Amino acid sequence: MGLSMQDLFQRRIFFVSHVTVENLKIVYQTQQEESFLVAVEDINLSFEKGEFVTIVGPSGCGKSSLLLAIDGLIQPAEGRILVNGKGVTGPGPDRAMVFQEFALLPWRSVLRNVRFGMELQRWKDEDLDERSRKYIRLVGLEGFENYHPHQLSGGMRQRVGIARALAVNPEILLMDEPFGALDANTREEMGEELLKIWNQEKKTALFVTHSIDEAVFLADSVVIMSKGPGRVKEVLKIDLPRPRKTDLRDTERFTEYRRYIRALFRKEDTNPAGEEKNA
């Protein structure tokens, strides 16, 4: 049903992809000085400009580590990451991250929280308040500019985080479980809203999630990872029409994708040694 990691990588290697991950290995030092934990190993991926990619896998498989490496916040032990053909050596204005924790400054209003990223990047020659208002409108929070985070619901706070990330005009939007703290209904609503925003902004989006439904609903491609150390089991192309509404989740085709990914996870659970050998 899906493309193997090698097929996908070979298919795109002759083009300059927007994001390329080559032979990536990420290692963390544990509390014991001479002990190390391998988070991900032998990761090869390639993403096109404007593609919406979701990354799904069991807890501890290195999904967040992969995202942090693409953002340049952690350095790989082996391999490299390229953006537009250039190696990533640290964070840059071409990438912006949205975390699961809302990460808003409680003493700042919505407007000033959205301004914050532009202030850090020392934006000049533009009205930062007006640009902030533009993205506040885009995420559906017009009228809340002067509210503070404690006055907002969880979904509204995450909208502020998305607005702040978009305001700095990144090429790549990195999202690490941004809806993980929300209730199920709000999470579905936010997924639909995020796709509307993505359709307008045309960013390359990489979205980490534990939810198979969310992964399928949002994505052009789903990266399915194995248990730690994380490896890519498969890259699954999602052939579902856009724009997408929540009722798409009730269709037979959506159910097929969901069932297929679940089967991959069940196979790993019942025969982990064999899966590790074949990863």
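See the structure above.
The structure displayed is predicted, hence computed values, not measured ones.

Before going further, it helps to spend a moment on helix H2 (residues 63–71). Burial of H2 is extensive: 7 of the 9 residues sit out of reach of the surface. If you check which residues of H2 are buried, you get Lys63, Ser65, Leu66, Leu67, Ala69, Ile70 and Asp71. Just downstream of H2, glycine 72 is the residue with a positive phi angle, here 90 degrees.

Moving on, we get to unusual backbone geometry. Following arginine 242, the chain continues to proline 243 via a peptide bond in cis, the omega torsion being 0 degrees. Assignment of secondary structure puts proline 243 in the loop between strand E10 (232–237) and helix H8 (252–270). You will see that glutamate 177, though not glycine, has its phi angle at about 50 degrees, which is positive. Relative to the assigned elements, glutamate 177 resides in the loop between strand E7 (172–176) and helix H6 (184–201).

Now for the sheet that holds strand E8 (residues 204–209). The strand order across the open sheet built from 6 strands is E6-E7-E8-E3-E9-E10, with neighbouring strands paired in mixed fashion. The open sheet terminates on both sides in strands that have one partner only, identified here as strand E6 (95–98) and E10. Across this sheet, the average inter-strand angle for adjacent strands is 15 degrees, counted without regard to direction. Strand direction decides the pairing type here: E7 and E8, joined by 5 bridges, are parallel. Considered in E8, the bridge of leucine 173 is made with alanine 205.

Bringing the packing of helix H3 (residues 110–120) against helix H5 (residues 154–167) into the picture now. The interhelical angle for the contact between H3 and H5, taken along N-to-C directions, is 35 degrees, at an axis separation of 7 Å. As H3 runs across H5, the sense of the crossing is right-handed. Judged by residue contacts, Val110, Asn113, Val114, Phe116, Gly117 and Met118 of H3 engage Val160, Ala163, Arg164 and Ala167 from H5. In terms of residue class, the contact of H3 with H5 is built from 7 nonpolar, 2 polar and 1 charged.

In this structure, Phe52 and Val222 are the most contacted members of the largest nonpolar core, which totals 53 residues. Looking at which element gives the most residues to this core, the answer is H5, with 7 residues. Apart from residues lying up to four places away in sequence, phenylalanine 52 is in contact with Met175, Leu194, Leu195, Trp198, Ala205, Phe207, Leu218, Ala219, Asp220, Ser221 and Arg242. Among the nonpolar cores identified, the runner-up in size contains 29 residues, and Leu45, Ala69, Ile74 and Met225 belong to it.

Before going further, it helps to spend a moment on empty space enclosed by the protein. The full count for this structure, using the stated rule, is 1 cavity of 30 Å³ or more. Along its surface, the largest cavity is lined by Ile162, Leu166, Leu173, Met175, Leu194, Ile197, Trp198, Glu201, Lys203 and Ala205. Those elements giving two or more residues to the lining of the largest cavity turn out to be H5, E7 and H6. Top element by residues in the lining of the largest cavity is H6. It accounts for 4 residues. Here the residues of the lining of the largest cavity are counted per class, giving 8 nonpolar, no polar and 2 charged.

The rules behind each value
Residues numbered from 1 in each chain as written. Predicted model: local features only at pLDDT ≥ 70, side-chain atom pairs only at ≥ 80, totals over all residues. Heavy atoms only, no water. Buried < 20%, exposed > 50% of the residue type's maximum accessible area, 1.4 Å probe, protein only. Helix = DSSP H or I, 4+ residues; strand = E, 2+ residues; numbered from the N terminus. Pairing = 2+ DSSP bridges. Axes fitted to C-alpha atoms, helices over the stretch in contact; angles between N-to-C directions. Left-handed = near helix turned anticlockwise from the far one by under 90°. Contact = heavy atoms within 4.5 Å. Nonpolar A, V, L, I, M, F, W, Y, C, P; charged D, E, K, R; others polar. Core = buried A, V, L, I, M, F, W, Y, C linked by side-chain atoms within 4.5 Å. 1 Å grid on protein atoms, 1.4 Å probe; cavity = no way out; pocket = protein on both sides within 12 Å on 5 of 7 lines; lining within 4 Å. Points joined across faces, edges and corners; volume = space filled by probe spheres on them.

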